[in-house]
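What follows is the residue order along each chain.
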Amino acid sequence: MIAFIDLMQHAPALSVGVCLLGVVGILLARRSPNVREGVSLTTAVVNFVLVAWMFRQFEAGEEVGGTLIDIVPGLEIGFRVDGLGILFALVASGLWIVNTLYSVGYMRAHNEHKQTRFFACFAIAIAACMGGAFSSNLFSLFAFYELLTICTYPLVVHAETPEAKAGARRYVTYLLGASIGLMLPALFLVWNMAGTMTFADLPAALDASDASPFLIALTFVMFILGMAKCGIMPVHSWLPAAMVAPTPVSALLHAVAVVKMGVFGVSRIVLDVFGTDLLAELSLHHLLIAGASFTIVCGSLVALAQDNLKRRLAYSTISQLSYILLGLGLLVGVTGEDQVTHYQVSAGGILHIGVHAWSKITLFFAAGAIYVALHKTKVSQLDGVGRRMPITMTAFSIGALSMIGLPPAAGILSKWWLVESSVDGAYPWVLGVLFVSAMLNAAYFLPIVFRAFFKPVPEGEESGRKEAPWPCVLALSVTALGTLLLFFFPEVIVDLATAVAQGGGAK
Amino acid sequence: MPSLFEHLWSHWPYVIYILLMVIGLFAVLAKGNLVKKIIGLNLLQTAVFLFYISIGKVDGGTVPVYWDERPDAVYENPLPHVLMLTAIVVGVSITAVALAFVVRIKEAYKTVDEGEILALDEADRGAPEAELPRADAPEPEGGV
Amino acid sequence: MAGQLPALAVVVPLLVALLIPLVSRFNRRAAWWMVVGALGFAVYGAVAMLLDLCGSPIGTTIEYAMGRWAAPTGIEYVVDRLNGIVLTMIAAVGLITALWMRKSIRSEISEKARPGYYATFLLCATGYMGMAITGDVFNLYVFLEIASITSYVLIGMGRTRQALYAGYSYLIVGSIGATFILLGIGHLYMEIGTLEMADIAQRFAANPELYDSSVVRTSFAFFTVGLAIKMALFPLHGWQPSAYSRAPSAASLFIAATATKVSAYVFYRISFSVFGADFLISALPHIRDGILILAVAAIFVGPLLAIRQRCLKRLLAYSSVGQIGYIMLGVVLLNEDGLTGGVIHFWNHAAAKGALFCVAGVLVYRTGVSRVDALAGMGRTAPWTSAVMTVAGLSMIGVPMTAGFLSKWYLGAGALDAGRISIVPVLMASSLFTAMYVWRLVQLVWFAPKDTEPLVKEEAPWSMRIPALVLAAACLYFGLTSTSVDIARDAALSLGLGAP
């Protein structure tokens, strides 16, 4: 029993281990697709149960985690369960189950090659996400961040066509380039200024260091741009390029895991490296708010011009990710000016991590389902699709509503809080940004819904019902339902996000 | 303060060593003939031998052999001489290996001129490696 | 026997090397076994001494007076943590190369020349071991020439006629370098009057005004230039690419993984244990800056030049130019972190570059060519070898949890400690360039278009696979444990660094 408790103390490491074990299983079962996919699904479920267990421990106030590998002082692989991490882990591990289901349907329907590599890399990617989510120090986070880039490369380049290679090259160049070129030097600077890498000690140590404000500001900017996965402009263009990947990859990785790793990383940087107090003192949050606002509007504008459905979704992601960054900036602003009272509303950005994941994955699932069933990739081809694929397009519409921020989808929760906190934080112009963006979101999503349901099927095409294979449909129904349920029962995720914001502000 | 000329005159062995060294280096760098390069290398090494020998010189010194009747004798420093014995051996082996190389290069390239060799290599550029001219002309006897 | 280890570690391979041509007259198969046996013993000796030192306080040395002639009259072998690390590196890479090379040699060297090759190879390893272990500057020169002459011969034994010319060119350039080192020794002796390293260091410590002597400074200049040629420090790296690419695979594996680094070690030894750290810090700050600039330039230019190479071995050679820059950067940062980074890079680079040259060797063995594009599709036919290449490549880039990251981490920390923040971007740029060429290899190997017919038809034989896997495992092991860092830090501390 004691051994079991000791083992569970290392539950975060265990969760990484489970995923990696899944990889071994997948590789061993390469000859038998059924077993292989069974292993994938089992791993996903076991991992989710583990994360859920950690969530309960966290709620009960139990400390979970510990140092796994202590390489040299400052460089250690260590884990700790906290609100932000568990939020990200819950989202990623939960959606992985649904996504595995979807992948099975999609990959089989497409008769894709190298499915073993696909499932194996997928599992490694989730392992990296788990590792990143529970990292207790900057080095671990960086290590898992890099691992995620490297192991998703085979997924992006999956088709191995020249376009796929070009896209994947851009993907890896941007992400590795930014992280090695900007984030790693920033790591050096933090180590030099603070002498520690542990999140628990960093804000205090940085506050106490005598480094010049300019250097701190420089480090902060290097971190934000270095975490190119967060999709902030001008380091966003890897995301549309990565859309050459098969849709399940785009769905989980580029709506959930990879991009969320980016914004999760930025949240860590804001809350647990610099700390809100220090950022507020140096007024660095203005930078974040300005950059995010710019990206929100520009991302949406570019999305408007895209005809390829997945590219449109990609630019929408870029824009939506910046809501999270905006929320973080506002959180700093609020805590700086009016302590204690406004945590709840200022948690909007963090809440959006979860909300956006559920909605965006629904949209990607729908795009993939359309491609599988009808081989259509362009918005302009979608006339009448709603009649042929009613379930898919209903789910799509729910996702779109959530993106725009209309009830009864979850998107409005986070957006409403962002609006409130921008008022509280005395950023009235942000209201304008949010308003314009909502309009733009409506402008690029509603026409799709309109085309699908209200335009007739073009002449000369079949008009019978033709949904994607059942695993795909099941998966996208689940996520669409989840988006709705989040609106009606938001307690779990709201509590978590509030706790995170409070933790960040209380320091 | 002695004039530059006096200074050089009083250190004439060093002047010779520097001159020899520069001539040797010049030959190594400027000559295109591989054998002449080796001669330059030898000059360079000889210059170093002379340098070592001259630093072993002691004013009024005599042969460094202990002599009972002259316990107060001043001896030359024998150590640099000994070192140079080793260095000469090293120099000879380098020359031997270098000459062996030149012989083999002559067999393989039919020339010992650096410019021509480089031109031949340039002509081979991009050719499949299996079709490149081989190095193994006649085998060296009994290994190296 | 333990007391005799310092001598035996060098003497045993030396004697075995001389016996090989003799024994080969009676039994042609014996040569390889003799090489493996001798190097196995050298590994045992080096590791035993290093472990012994690790258990002792910092600053302990194992001393061995040759023929019981006490220093400074006789020649002394001195092993401390720093050269313990280097000895282990040479012996281990030598043994791994020896285990790896049997099949490669069979395909690249004619049967008649093989015993000669084995003897030369062992002599070469002996020379490098001797360079690392000796405590006498002139003895250092002798071993340096043994190692150099044998390297020229090894390189000249390549299959194509270009190998002959590459060997000859290396001979000319290398001899100039060695002659410069000899001149450095001469000038040092002229002023100090002794050749024993510890003795020289003592005299410098007793008379700091010797630092102002122009003879001493000339000596240091000759050492620096001579060693810079030998270690292929930018911009004196011209001999290296063709030497590495034309040599037989087994020779380039060993030479690339050890040779230039031993010269870099000699620079460490000369700077710290002969002239003393104060010499660079207080007497010659501008020279220190100059070397720093060269090291940084090497770090920047080496990988940049590697990107466009079409021959895999040339590509790796240019990457070595950059890696030597890391090691030299460690010396001239002159602080604890920087030195630690430089010293661990001895092992880290040996493991990564060794593994990559194993892959290059397999490529030549299986296809007969060393073009980069011949790697296309190798992931399908030779997954183990491809995996080795990927791991070693990631370590070259310096991805976290591989050995290369630790080197970069310490060098970066050292640069910040020294207040030279501008070095950090160069380190990062170098990582990016490295990522570019490594990624090109990775993409060719794993993601070649479906219709490419892989040139590498099958996996490497086990005798070549296992040594390569050991090296790749070392890249991960050194990246995940503090083994190397602990030893290297103690080594750095025992170099007697003054106040930075």
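Residues numbered from 1 in each chain as written. Chains lettered and ligands numbered in written order. Predicted model: local features only at pLDDT ≥ 70, side-chain atom pairs only at ≥ 80, totals over all residues. Heavy atoms only, no water.

### A few points about the overall build of chain B
The number of helices and strands found in chain B is 5 helices and 0 strands. Tracing chain B from N to C terminus, the helices and strands come up as α-α-α-α-α. Each of the 144 residues in chain B was classed as buried or not, and the buried ones make up 34%. Accessible area of chain B: about 8800 Å², with a carbon and sulfur share of 68%. (Helix = DSSP H or I, 4+ residues; strand = E, 2+ residues; numbered from the N terminus. Buried < 20%, exposed > 50% of the residue type's maximum accessible area, 1.4 Å probe, protein only. Areas by Shrake-Rupley, 256 points an atom, 1.4 Å probe, with all protein chains shown as cover.)

### With respect to the side chain of Ser-484 of chain C
Along the polypeptide, Ser-484 of chain C turns up in helix α20 (residues 483-494). The contact partners of Ser-484 of chain C, leaving out residues within four places of it in the chain, are Ile-344, Trp-347 and Phe-478 of chain C. (Contact = heavy atoms within 4.5 Å.)

### Here's the deal with the packing of aromatic side chains
Overall, the coordinates contain 46 aromatic pairs over all chains when judged by the stated rule. Aromatic side chains Phe-487 of chain A and Phe-488 of chain A sit 5.1 Å apart centroid to centroid with 80° between the ring planes, which places their arrangement in the edge-to-face category. Between Phe-121 of chain C and Phe-254 of chain C, the aromatic rings sit 5.1 Å apart at their centres with planes inclined by 65°, giving edge-to-face as the arrangement. Residue Phe-121 of chain C is located in helix α4 (residues 114-133), and its partner Phe-254 of chain C is located in helix α10 (residues 249-274); the two are separated by 133 residues in the primary sequence. (Phe/Tyr/Trp six-rings, centres within 6.5 Å; stacked < 30°, edge-to-face > 60°.)

### Here's the deal with the nonpolar core
Core analysis: the largest hydrophobic core is formed by 445 residues, its most contacted members being Leu-138 of chain A together with Tyr-117 of chain C. Beyond its immediate stretch of four places on either side in the chain, Tyr-117 of chain C contacts Met-101, Ile-105, Ile-109, Leu-154, Met-157, Pro-248, Ala-250 and Ala-251 of chain C. (Core = buried A, V, L, I, M, F, W, Y, C linked by side-chain atoms within 4.5 Å.)

### Comments concerning the confidence of the model for chain C
Residue and element names in this part refer to chain C. Per-residue pLDDT for chain C has a mean of 87; in total, 99% of the residues score no lower than 70. Helix α11 (residues 277-283) is the least confidently modelled element of chain C, averaging 80 in pLDDT, while helix α5 (residues 137-156) averages 92, the highest of any element. Complex prediction metrics read pTM 0.84 and ipTM 0.88. (pLDDT = per-residue confidence, 0-100.)

### Here we look at the interface of chain B and chain C
The interface is formed by 50 residues belonging to chain B together with 43 residues belonging to chain C. Buried surface at the junction of chain B and chain C, both sides included, amounts to about 4200 Å², of which 72% is carbon and sulfur. In this structure, the connection of chain B to chain C is made through 0 salt bridges. Linking chain B to chain C there are 7 residue pairs in polar contact (both at pLDDT 80 or more). When residues of the side of chain B that touches chain C are traced back to their parent elements, those giving at least two are α2 (12-30), α3 (34-55), α4 (79-109) and α5 (114-124) of chain B. It is α4 of chain B that provides the largest number of residues to the side of chain B that touches chain C, a total of 17 residues. Broken down by class, the residue content of the side of chain B that touches chain C amounts to 35 nonpolar, 5 polar and 10 charged. (Buried area = accessible area lost by both parts, 1.4 Å probe. Salt bridge = Lys/Arg side-chain N within 4 Å of Asp/Glu carboxyl O. Polar contact = N/O pair within 3.5 Å; in protein donor to acceptor, adjacent residues only side chain to side chain. Nonpolar A, V, L, I, M, F, W, Y, C, P; charged D, E, K, R; others polar.)

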